[in-house]
Amino acid sequence: MGKYVIQNGKILLNGFDLSGDHNQIGLTVAREERDVTTFGKAGVQRIAGMQSFEVSGSGFFEAGTGKIDTVVAPNLGTSGAELTILPQGTSVGSKAFIGEINTFEYAPGGSVGDAMGFTFAGRSEGTVLVDGTVLKSGAVSTSGTGTILNLGQIASGRFGYGILHVTATSGNGGTQTLDVKIQSDSTTGFISPTTHISFTQVGNAVASQWKATTATSTTDSYWRARWVSAGVSEGFTFYVSFGISYL
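What counts as what
- Residues numbered from 1 in each chain as written.
- Predicted model: local features only at pLDDT ≥ 70, side-chain atom pairs only at ≥ 80, totals over all residues.
- Heavy atoms only, no water.
- Helix = DSSP H or I, 4+ residues; strand = E, 2+ residues; numbered from the N terminus.
- Buried < 20%, exposed > 50% of the residue type's maximum accessible area, 1.4 Å probe, protein only.
- Salt bridge = Lys/Arg side-chain N within 4 Å of Asp/Glu carboxyl O.
- Pairing = 2+ DSSP bridges.
- Core = buried A, V, L, I, M, F, W, Y, C linked by side-chain atoms within 4.5 Å.
- Contact = heavy atoms within 4.5 Å.

A. Just unusual backbone geometry, in detail. With phi around 55°, asparagine 14 is a residue other than glycine that occupies positive phi space. Positionally, asparagine 14 belongs in the loop between β1 (10–13) and β2 (16–17). For phenylalanine 190, which is not glycine, the phi dihedral falls at a positive 50°. If you trace the backbone, phenylalanine 190 turns up in the loop between β12 (177–185) and β13 (194–198). For phenylalanine 190, a relative accessible area of 7% translates into the label buried.

B. Representation of the pattern of salt bridges in the model. In total, this model carries 7 salt bridges according to the counting rule given. Glutamate 62 is the salt-bridge partner of lysine 67, the closest N and O atoms lying 4.0 Å from each other. Assessed through its relative accessible area of 28%, lysine 67 is described here as partly exposed. Within this structure, Glu54, Glu105 and Arg123 form a network of salt bridges that share partners.

C. Here's a closer look at the pairing of β1. Across the two faces of β1 the burial is the same, with Lys10 and Leu12 and Ile11 and Leu13 all buried. As judged from the 2 bridges shared by β1 and β2, these two strands associate in the antiparallel manner. Bridging from a neighbouring strand, leucine 12 pairs with aspartate 17 of β2.

D. Geometry of the nonpolar core. Among the nonpolar cores identified, the biggest contains 20 residues, and Leu164, Leu178, Val180, Ile182, Phe238, Val240 and Phe242 are the most heavily contacted of them. Those elements that place two or more of their residues in this core are β8 (130–140), β11 (158–170), β12, β15 (222–230) and β16 (235–246). With 5 residues, the single largest contributor to this core is β16. Once you skip the residues sitting within four places of it in the chain, leucine 164 turns out to touch Val180, Phe199, Val202, Ala207, Ser208, Gln209, Phe238, Tyr239 and Val240.

Below is the structure:
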């Protein structure tokens, strides 16, 4: 994959699309440094500890439903916020950085004559940052299956992680439901798919979920999203991404 300019990046936090508020986003991933030097060593010896990551963003302040001020500000210190960053946009097969964060900092403000801006920051919340791939994105009004992608096997000692963001719903009488799964198979024909992640059913409200695969290893290499929508004139806008990572 060649170099590219960040132009149509997507920032999803819980059930909200905050892309229109931001003009900058950054991630820092690290592992704790642990000193394991023992007698007889000529120098300091270190090993890598647990992973942590931080996210920081900035942009232009806007209040209102689904905007930065009503999504981040009331939830400072709330653990387990689902985060997806799509630096290349929302096309299926695009890069997706996924994980859970705790939002710790939010600072709106600016100077006289300037557009009012903001900065925010969050830190990992008991999960790793997973380098994933978009399986499905956008609006649907019927059930279906996504594009089949070769994302590799889950080897022993590794785990698969999926994230779902439902950012909009519609329908009559509040009867709409959406069920989303992530499945694998050994061939592109998906003759006998295995469901690894079943997200909790979503109704007529925005939502987000983070889940790990039920199995810790599989020889399947091909992956897809599958969704079932039901209701009267139902409609959903959602994003599903999946990645394989070490603990």
